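Listed here are the chains, written in short residue letters.
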Amino acid sequence: MIPEERRGGPGEESSRLQAAGSVRKGCDSLVQTQRSRLQSRRACIHQQISKELRMRTGAENLYRATSNSRVRETVALELSYVNSSLQLLKEELEELNCSVDTDGPGSEGITVPMIPLGLKETTELDWSTALKELISGHFGEDGTSYDSEIQELTDLRQAIRTPSRSESGLELLMAYYNQLCLLDTRFVTPTRSLGPLFHWYDSLTGVPAQQRALAFEKGSVLFNIGALHTQIGARQDRSCPGGARLAVEAFQKAAGAFSLLREKFSHAPSPDMSPASLAMLEQLMTAQAQECVFEGLLLSAPVAPHDGLAQLRLAQEAAQVAAEYELAHRAMAQLPVRDYVPFAWTTLVNVKAEHFRALAHCHVATALCDGPPECPAPRARELAEASAQGGSRPSLTPAAEAEPPGPEQVFLGPLAPAESWHPALPQEPEERRKLGKAHLKRAVLGQEEALRLHAVCRALRRVDLLQAVLVQALQRSLAKYSELDLEDDFFEATEAPDVQPKTCHRPEVRAPSFSRVKVADIFHRLGPPSVFSAKNRWRLTGPVHVTRGEGGFGFTLRGDSPVLIAAVVPGSHAAQAAGLQEGDYIVSVNGQPCKWWKHAEVVARLRAVGGEGASLQVATLLPSAEPPSTGERRPALRGLLRSQKACGWETPGPARASPRPLLGWSRKAKRGKTGGRLSPVPQP
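This one's a predicted model, so the numbers in the text were calculated from it and none came from an experiment.

*Asks:* Any chance you could explain the overall build of the chain here in plain terms?
*Replies:* Within the chain one finds 19 helices and 8 strands. Looking at the chain as a whole, 50% of its 684 residues qualify as buried. Taking the contacts inside the chain whose residues are at least 6 apart along the sequence as the reference set, 78% of them involve residues at least 24 apart. Carbon and sulfur atoms form 52% of the exposed surface of the chain, whose accessible area is close to 32,300 Å².

Below is the structure:
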């Protein structure tokens, strides 16, 4: 990805990228053509919709303004045409928004399709003008000397526009996000933006949005990290346990990215990044992860029909999936989310809720009809105690800690109260058959409802795989129901209650781990951002010439990267001739930049100079209210030390003038503690 340590010069990485056509690892440049065509079609439809809306507004104004009946009839007819055109355009736009990812898993197994989220699109961005002006005006350096760094940042942003749907693509997005955090630390202040106009398209509607805030760029990249996780999860082969596990992890990380985005970023101009949309997406990804957990349980240890307790556990797991999708459907039905969420998504979530609720009843019926006629006594008693709640509606329960959920929390019917627990489970085969038949009836009704909802949506009707799954489940339930149905069964059918949702494998939301992707600060040459950032103001002085006197150079050093002049001996050459003051930062020694040097490196370089002395350039931090100037300098040690303390560095105490200051080595100084980092000057 991006190396942690920069092995070459500042422009070496950029030169390599330009030689390779600006293609980075994890970037899929072939995707750009397809996405550009899709975005162009979206933009064209939006223009047509805007035109129709303007026509409708004008027609409505004319209709309200005129009193001529013939004109009103003509306008009403025109309004009907306009509304019909708007409806067709919106349906076409919805189909484009639903066709973000048509690739499915590479397996032949029949699995329910997942909902992948499309990436936010963006236009090309010119960093050059804004960064060069800021580097020249605020940092006091030649902006053109940073062309290679700016080009490297531009190439990185260009690469993240088309990330590959793999781990390399995720690392590419995370590397760019980390670089944005470094840019935020160095170039952005609370009252000043970075300058460029960031232009992104909404993932759900395709509507463009733009802001100059770097937070909008960071939030959009974080959104794409979550969206890419959804695409990776949807492409997994869930017909094997390993693929189901990878899909669970991908949807967990997607939910974590959307949760982090909802907590850290607010007031985004894009609808897909509103708090309501992000909460909906987080719940949707949690539901899809729970579905993959259920599929993994079916694959890891196939359950025999006669294993009653295992069938009950699967029933509760399926009910948990249905409950999660029900929550997602409620979130999609709320305003303003329902105005821009694709209708195909809402329908598919509703179909899945009905499908898995029907599967829960099917597993309960299998446990009743094919399982052993009796449960162990302790289990039967627990079942009776829990089933005393009979008609209550199911609610989400916390995940079990170690043991899988048993039948004690499954509502199998209007059972006896806890006092007479012995007949809790129907013991007679006929009673078990009737109760199992009632659950199968609810399963058949639920699966028929899922098929009906599937047929309503035109986009879902083209998904043959989903229809195959629903038809297969309905055929199994009908076949089982026909086995239990008797011709002379004239008794009133038993009403089967709901199945209590519960899971022993609740997926946890996992936030992205940005720390695992190591990046090097592209603008490393500007110095440590704790001091040399847009939040601080400083004045460069020098180069000034310092020579070694009888007591040394006459100043004391402290700190690392950059090294701070902690004290200056009054009357020394450093204070009088050179003009060094307490609180100055040493930024170069004999023409070599030393902003990132450690304390020991600066001391060693000063000790190595001969009688001709050393040439230093220093920076003095100015109060925030005072603009940079060339007038009389003020020592600003307090503000500088606050900056060091914010970065975790040790804050120096009040410096005292010493008769044996910098480079005056003695045995006592060598035996002292090194924590203070005070360095005396050696004697000549």
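*Asks:* What's the story with helix 9 (residues 275-300) in this structure? I'm lost.
*Replies:* Each turn of an α-helix holds 3.6 residues, which means side chains three or four residues apart point in the same direction. Compared with an ideal rise of 1.5 Å per residue, which puts 26 residues at 38 Å, helix 9 spans 37 Å between its outermost C-alpha atoms and is within 8% of the ideal. Of all 26 residues in helix 9, 20 are buried; the element is thus mostly enclosed.

*Asks:* What exactly am I supposed to notice about the pattern of salt bridges here?
*Replies:* By the definition in use, this model includes 20 salt bridges. One salt bridge connects arginine 357 with glutamate 354, and the closest N-O pair in it is separated by 3.5 Å. With arginine 357 and glutamate 354 both in helix 11 (residues 343-370), this residue pair falls 3 residues apart, about one helical turn. Between arginine 452 and glutamate 449 there is a salt bridge, with its nearest N and O atoms 2.7 Å apart. Taken together, the residues arginine 452 and glutamate 449, both in helix 13 (residues 429-456) and 3 residues apart, mark about one turn of the helix. A residue is classified by how much of its surface remains accessible, and glutamate 449, at 25% relative accessible area, is partly exposed. Taken together, the shared-partner salt bridges connect Glu326, Arg330, Glu354 and Arg357 into one network.

*Asks:* Can you help me understand the pairing of strand 2 (residues 208-211) in this one?
*Replies:* On a regular strand, each side chain points to the face opposite its neighbour's, so the side chains alternate between the two faces of the sheet. Pairing analysis gives 4 bridges linking strand 1 (residues 198-201) to strand 2, with the strands arranged antiparallel. Following the sheet pairing, phenylalanine 198 is matched in strand 2 by glutamine 211. Counting the residues in the hairpin turn of strand 1 and strand 2 gives 6 residues, including glycine 206, whose phi is positive at 80 degrees.

*Asks:* I would appreciate a short explanation of the environment of glycine 611 in the present structure.
*Replies:* The topology assignment puts glycine 611 in the loop between helix 17 (599-608) and strand 8 (614-622). For the pair formed by glycine 611 and threonine 547, sequence separation is 64 residues and the distance between their alpha carbons is 7.0 Å.

*Asks:* Can you help me understand unusual backbone geometry in this one?
*Replies:* Phi is mostly negative for residues that are not glycine, and the peptide bonds are mostly trans. Across the junction of leucine 335 and proline 336, the peptide omega takes the value 0 degrees, indicating a cis bond. Its place among the elements puts proline 336 in the loop between helix 10 (308-333) and helix 11. The omega torsion of the bond from serine 561 to proline 562 falls at 0 degrees, within 30 degrees of zero and hence cis. Inspection of the secondary structure assignment puts proline 562 in the loop between strand 4 (555-558) and strand 5 (563-568). A positive phi angle is found at serine 561, which is not glycine, with a value near 45 degrees. With respect to the secondary-structure elements, serine 561 resides in the loop between strand 4 and strand 5. Residue class for serine 561 comes out buried when judged on its relative accessible area of 6%. For asparagine 590, which is not glycine, the phi dihedral falls at a positive 55 degrees. Relative to the helices and strands, asparagine 590 resides in the loop between strand 6 (585-589) and strand 7 (592-593).

*Asks:* In this structure, what is going on with the packing of aromatic side chains? I would like to understand it.
*Replies:* Centre-to-centre distance and the angle between the planes together describe a pair of aromatic rings. Scanning the entire structure with this criterion turns up 11 aromatic pairs. With a centroid separation of 5.7 Å and an interplanar angle of 70 degrees, the aromatic rings of phenylalanine 139 and phenylalanine 187 are classed as edge-to-face. Of the two residues, phenylalanine 139 is situated in the loop between helix 4 (128-137) and helix 5 (147-160) and phenylalanine 187 in helix 6 (residues 167-187); the sequence distance between them amounts to 48 residues. Given a relative accessible area of 0%, phenylalanine 187 falls into the buried group. The interplanar angle of 45 degrees and the centroid separation of 6.0 Å between the aromatic rings of phenylalanine 553 and phenylalanine 555 together place this pair among those described as tilted. Ring-pair connections join several aromatic residues into one group, and the members of that group are Phe139, Tyr146, Phe187, Phe523, Phe532 and Trp538. Above the face of the phenylalanine 532 ring, lysine 595 is positioned so that its terminal group lies 4.6 Å from the ring centre.

*Asks:* Explain the nonpolar core here, please?
*Replies:* Side chains that are nonpolar tend, in soluble globular proteins, to be buried together. The biggest cluster of nonpolar side chains holds 118 residues, and the ones touching the most others in it are Trp127, Phe187, Leu222, Tyr325 and Phe523. Grouped together as the second largest cluster of nonpolar side chains are 20 residues, Phe555, Leu557, Leu580 and Ala614 included.

*Asks:* Would you mind showing me how to read the confidence of the model for the chain here?
*Replies:* Summing up the model confidence of the chain, the mean pLDDT is 76 and the portion of residues at 70 or higher is 72%. Throughout residues 1-22 the model reports pLDDT below 50, and contacts reaching past four residues in sequence, or to other chains, amount to 39 contacts. Note that pLDDT drops below 50 for residues 625-684; the model gives that stretch 137 contacts with residues more than four away or on any other chain.

*Asks:* I keep staring at the side chain of serine 533 and nothing clicks. Help me out?
*Replies:* By secondary structure assignment, the location of serine 533 is in the loop between helix 15 (464-484) and strand 3 (537-546). Once residues within four sequence positions are removed from consideration, serine 533 is found in contact with His138, Phe139, Thr185, Arg186 and Trp538.

*Asks:* I tried to follow the packing of helix 7 (residues 214-234) against helix 8 (residues 241-264) on my own but got confused; where do I start?
*Replies:* Helix-helix packing is characterised by the crossing angle of the two axes and by the distance between the axes. The contact between helix 7 and helix 8 brings their axes to 8 Å, and the two run at 160 degrees. Classified by the angle their axes make, helix 7 and helix 8 are roughly antiparallel. The handedness of the crossing between helix 7 and helix 8 comes out as left-handed. Contacts between helix 7 and helix 8 involve Gly219, Leu222, Phe223, Gly226, Ala227, His229, Thr230, Ile232, Gly233 and Ala234 from the former and Ala247, Ala250, Phe251, Lys253, Ala254, Ala257, Phe258, Leu260 and Leu261 from the latter. Class assignment of the residues belonging to the contact of helix 7 with helix 8 gives a composition of 13 nonpolar, 5 polar and 1 charged.

*Asks:* For this particular structure, what's the right way to read helix 6?
*Replies:* In this model helix 6 runs 30 Å from its N-terminal to its C-terminal C-alpha over 21 residues, within 8% of the 30 Å that 1.5 Å per residue would give. A large share of helix 6 lies buried, amounting to 15 of its 21 residues.

*Asks:* Sorry if this is basic, but what is going on with the side chain of glutamate 149 here?
*Replies:* Position of glutamate 149 among the secondary structure elements: in helix 5. Reaching out from glutamate 149, the side chain makes a polar contact with the side chain of serine 148 at a distance of 2.9 Å.

*Asks:* What am I meant to see in the pairing of strand 8 here?
*Replies:* Most of strand 8 sits out of view: 7 of its 9 residues are buried. Inspection of the sheet shows strand 3 paired to strand 8 by 8 bridges, in the antiparallel sense. Across the sheet, residue threonine 541 finds its bridge partner in strand 8, namely valine 618. Both strand 6 and strand 8 contribute to a ladder of 4 bridges, which runs antiparallel. Note on strand 8: the bridge partner recorded for isoleucine 586 is valine 618.

Conventions adopted
Residues numbered from 1 in each chain as written. Predicted model: local features only at pLDDT ≥ 70, side-chain atom pairs only at ≥ 80, totals over all residues. Heavy atoms only, no water. Helix = DSSP H or I, 4+ residues; strand = E, 2+ residues; numbered from the N terminus. Buried < 20%, exposed > 50% of the residue type's maximum accessible area, 1.4 Å probe, protein only. Contact = heavy atoms within 4.5 Å. Areas by Shrake-Rupley, 256 points an atom, 1.4 Å probe, with all protein chains shown as cover. Expected span 1.5 Å × (residues − 1). Salt bridge = Lys/Arg side-chain N within 4 Å of Asp/Glu carboxyl O. Pairing = 2+ DSSP bridges. Phe/Tyr/Trp six-rings, centres within 6.5 Å; stacked < 30°, edge-to-face > 60°. Lys NZ or Arg CZ within 6 Å of the ring centre and 35° of its normal. Core = buried A, V, L, I, M, F, W, Y, C linked by side-chain atoms within 4.5 Å. pLDDT = per-residue confidence, 0-100. Axes fitted to C-alpha atoms, helices over the stretch in contact; angles between N-to-C directions. Parallel < 35°, antiparallel > 145°, perpendicular 65-115°, else oblique. Left-handed = near helix turned anticlockwise from the far one by under 90°. Nonpolar A, V, L, I, M, F, W, Y, C, P; charged D, E, K, R; others polar. Polar contact = N/O pair within 3.5 Å; in protein donor to acceptor, adjacent residues only side chain to side chain.

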